[in-house]
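Here are the chains, one letter per residue:
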Amino acid sequence: MKWVKRIAIGLVVLFAAFYLITRPEDAATAVQGTVGAVVGGVESVGRFFTTLAG
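Being a predicted model, the structure only gives us computed values, none of them experimental.

Asker: Help me get a handle on the packing of helix 1 (residues 2–22) against helix 2 (residues 24–53), residues and values and all.
Answerer: For the pair helix 1 and helix 2, interaxial distance at closest approach is 5 Å and the crossing angle is 120°. What the angle tells us is that helix 1 and helix 2 run oblique. Packed against helix 1, whose contacting residues are Y19, L20, I21 and T22, the element helix 2 presents P24, D26 and A27 at the interface.

Asker: I'd love a proper account of the packing of aromatic side chains, names of residues and values included.
Answerer: One pass over the full model with this rule turns up 2 aromatic pairs. Pairing F15 with Y19 gives two aromatic rings, centres 6.0 Å apart and planes at 15°, and the pair type is stacked. Of the two residues, F15 and Y19 are both situated in helix 1; the distance of 4 residues between them amounts to about one turn of the helix. Pairing F48 with F49 gives two aromatic rings, centres 5.1 Å apart and planes at 70°, and the pair type is edge-to-face.

About the criteria used
- Residues numbered from 1 in each chain as written.
- Predicted model: local features only at pLDDT ≥ 70, side-chain atom pairs only at ≥ 80, totals over all residues.
- Heavy atoms only, no water.
- Axes fitted to C-alpha atoms, helices over the stretch in contact; angles between N-to-C directions.
- Helix = DSSP H or I, 4+ residues; strand = E, 2+ residues; numbered from the N terminus.
- Parallel < 35°, antiparallel > 145°, perpendicular 65-115°, else oblique.
- Contact = heavy atoms within 4.5 Å.
- Phe/Tyr/Trp six-rings, centres within 6.5 Å; stacked < 30°, edge-to-face > 60°.

So, in structure tokens, the structure goes:
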């Protein structure tokens, strides 16, 4: 089973590299969207705990 995980990770890395090389603008937009979603999630959790404490 360990080799299946290695192959899957390798394929994901290869796809990401291919996408980055062939469509850099789209890859940058995807990363910006992902970072924005993570930041939004962290802000929401912070707001939840602030409201909970207040």
